[in-house]
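So the chains spell out like this:
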There are 2 protein chains.
Amino acid sequence: MQQVVAPAFKTCSDCPIRHRAVCAKCDSQELELLEDIKYYRSFSAGQTVMWAGDHMDFVASVVSGVATLTQTMEDGRTQMVGLLLPSDFVGRPGREEAAYTVTATTDLVMCCFRRKPFEHMINTTPHVAHRLLEMTLDELDAAREWMLVLGRKTAREKIASLLSIIARRDALLGTAPPGKELSFDLALTREAMADYLGLTLETVSRQMSALKRDGVIALDGKRKIRVPDMDRLMTEAGDDSDGGYLI
Amino acid sequence: MQQVVAPAFKTCSDCPIRHRAVCAKCDSQELELLEDIKYYRSFSAGQTVMWAGDHMDFVASVVSGVATLTQTMEDGRTQMVGLLLPSDFVGRPGREEAAYTVTATTDLVMCCFRRKPFEHMINTTPHVAHRLLEMTLDELDAAREWMLVLGRKTAREKIASLLSIIARRDALLGTAPPGKELSFDLALTREAMADYLGLTLETVSRQMSALKRDGVIALDGKRKIRVPDMDRLMTEAGDDSDGGYLI
DNA sequence: TCCTCTTTTTGATCTGTGTCAAGGAACGAT
DNA sequence: ATCGTTCCTTGACACAGATCAAAAAGAGGA
């Protein structure tokens, strides 16, 4: 158990995209390569960015806002498989069709790169390919941590895990003020939280109330969360690690 | 729903490693690079290849046998986060410490590459880095499919999902004879299956019995599985996709 | 072959989370 | 303000899967 750590990754100073390799503003050489293939798209809260199976002629990076990657079964059961926060990357070289449905849960701005030239670039610029590999490996670690949450944690631990992931991530990105007491905006509905954690929205609501009653969190309105003691929250999450792999 | 498909990936003819980039026997140029940094290690069933946190000076590819990647909480709750079948890759460039515990569930042979020269190679050989990215993206897709299983499927569907993953994988690798009727060796104990699916071993046993009683599978001994109708199994798994993302 | 150890199966009971249902709070539109 | 809509909370009850327990089935080894 330890304090929220300093960013371990390279942050770009004037844009919110974490990895310089896919950020057009950071490196002059890459700037030239990327400047003419990128463009911005905005979405409003609740809007679907793309449906699973859609043709997708770009890859993208989240500039601001929150989006979710979800998978849905024929009978409607839904599982979130990715949570896209600012600096996260979506899409993959070599895939024309989106594998997951992407939904904006807040107003969202994405920086898109046309796929063909992007693929050409990663094939010719080892540096960029290497960054992309690093990012993908980080995502894989996050997915595996998430599997432990889904498979073995109780409802209460699941909620605490999700809150501590978002809290830590916000702290890293500087969205939340530093210090022992953390405050952040939970940009997810109860239903989205349920889809993240493999629960029902009623169970999410009950456990949020329980954590509030027990003083682990405080709610300002519905979505604004205050965490008086981050260590306490992480203990509730059943998390002995420092969460280094969770983005 | 569709028949078991032909391999979509490039298979190396004279070695079991799927991706040529990490196979020393397939490409003369890479042969020279890899031949002097690789060595083989064998493990017997039940042996732990490495513990989470161990120093790891190699990356490796499974030649034969089955291994598992597991994560364990302080109180002993265990979740499998990766299933390593022949041709799968383990380890990542840039990480000195193993993030997960690797256990051989059968006799196991791994082809190891010393990490430092391997890292050097992926930094200087774009082709290899590109392959590694592809493999990692496939693993990420598999992890996300798995998240749907863990979060939203019933015990019966979970079992059917696991069986159909292994059946399809065996069919692809040619371990199992082709055709509508599939037969394969389930190289996992009930406990390992439970750790994969976020269940208890008793529930796994009960659902295996139920699937057998209902004629979805037949058991020759404890571990040998026969699947009379693969489509039926996939329906039981609640799986509408062709499973293309599951390795 | 018998014995021991591990793995698997099956039974009885308990419990955490899902399901169904109703009401409350927040927020924008008229 | 008042309505309508969406999101959230709380309650009562049901049930899938966990837990506890014991017996059965294999798999070596002497």
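Read on for a plain summary of the structure. The structure presented is a predicted model; accordingly, all values stated were derived computationally and were not measured.

Now for the packing of helix 2 (residues 115-124) of chain B against helix 3 (residues 126-152) of chain B. Residue and element names in this part refer to chain B. Orientation of helix 2 relative to helix 3, taken along the N-to-C sense of each, is 105°, at an axis distance of 5 Å. Looking at the two axes, helix 2 sits roughly perpendicular to helix 3. Between helix 2 and helix 3, the contacting residues are Phe118, Met121, Ile122 and Thr124 on the first element and Pro126, Val128, Ala129 and Leu132 on the second. Looking at the contact of helix 2 with helix 3, its residues break down into seven nonpolar, one polar and no charged.

Time to look at the interface of chain A and chain B. Every contact between the two is made by 46 residues of chain A and, on the other side, 46 residues of chain B. Per-residue buried area on chain A facing chain B is highest for Arg144, Met147 and Arg152 of chain A; these three make up 18% of the total on that side. Where chain A touches chain B, the interface holds twelve salt bridges. In this structure, the salt-bridge partner of arginine 144 of chain A is glutamate 139 of chain B, at a minimum N-O distance of 2.8 Å. Counting across the chain A and chain B interface gives 30 residue pairs in polar contact (both at pLDDT 80 or more). Among the elements of the structure, strand 4 (67-72), strand 5 (78-84), helix 2 (115-124), helix 3 (126-152) and helix 5 (190-197) of chain A are those that each provide at least two residues to the side of chain A that touches chain B. Sort the elements by how many residues they give to the side of chain A that touches chain B and helix 3 of chain A lands first, with 19 residues.

Moving on, we come to the protein's contact with DNA strand C. Taken together, 17 residues lie near DNA strand C, and Thr203 and Arg206 of chain A together with Arg190, Ser205 and Ser209 of chain B sit nearest. Protein-adjacent atoms of DNA strand C, using a 4 Å cutoff, are sugar or phosphate at a proportion of 64%. Measuring from a phosphate oxygen of DNA strand C, one finds a side-chain N or O atom of arginine 190 of chain B at 2.7 Å. Contacts to DNA strand C include arginine 206 of chain B, whose side-chain N or O atom sits 3.0 Å from a base nitrogen. Secondary-structure elements contributing two or more residues to the surface near DNA strand C are helix 6 (201-213) of chain A together with helix 6 (201-213) of chain B. A total of five residues in the surface near DNA strand C trace back to one element, the largest contributor, which is helix 6 of chain B. Grouping the amino acids of the surface near DNA strand C by side-chain chemistry returns three nonpolar, seven polar and seven charged.

How each quantity is defined
Residues numbered from 1 in each chain as written. Chains lettered and ligands numbered in written order. Predicted model: local features only at pLDDT ≥ 70, side-chain atom pairs only at ≥ 80, totals over all residues. Heavy atoms only, no water. Axes fitted to C-alpha atoms, helices over the stretch in contact; angles between N-to-C directions. Helix = DSSP H or I, 4+ residues; strand = E, 2+ residues; numbered from the N terminus. Parallel < 35°, antiparallel > 145°, perpendicular 65-115°, else oblique. Contact = heavy atoms within 4.5 Å. Nonpolar A, V, L, I, M, F, W, Y, C, P; charged D, E, K, R; others polar. Buried area = accessible area lost by both parts, 1.4 Å probe. Salt bridge = Lys/Arg side-chain N within 4 Å of Asp/Glu carboxyl O. Polar contact = N/O pair within 3.5 Å; in protein donor to acceptor, adjacent residues only side chain to side chain. Near = heavy atom within 4 Å.

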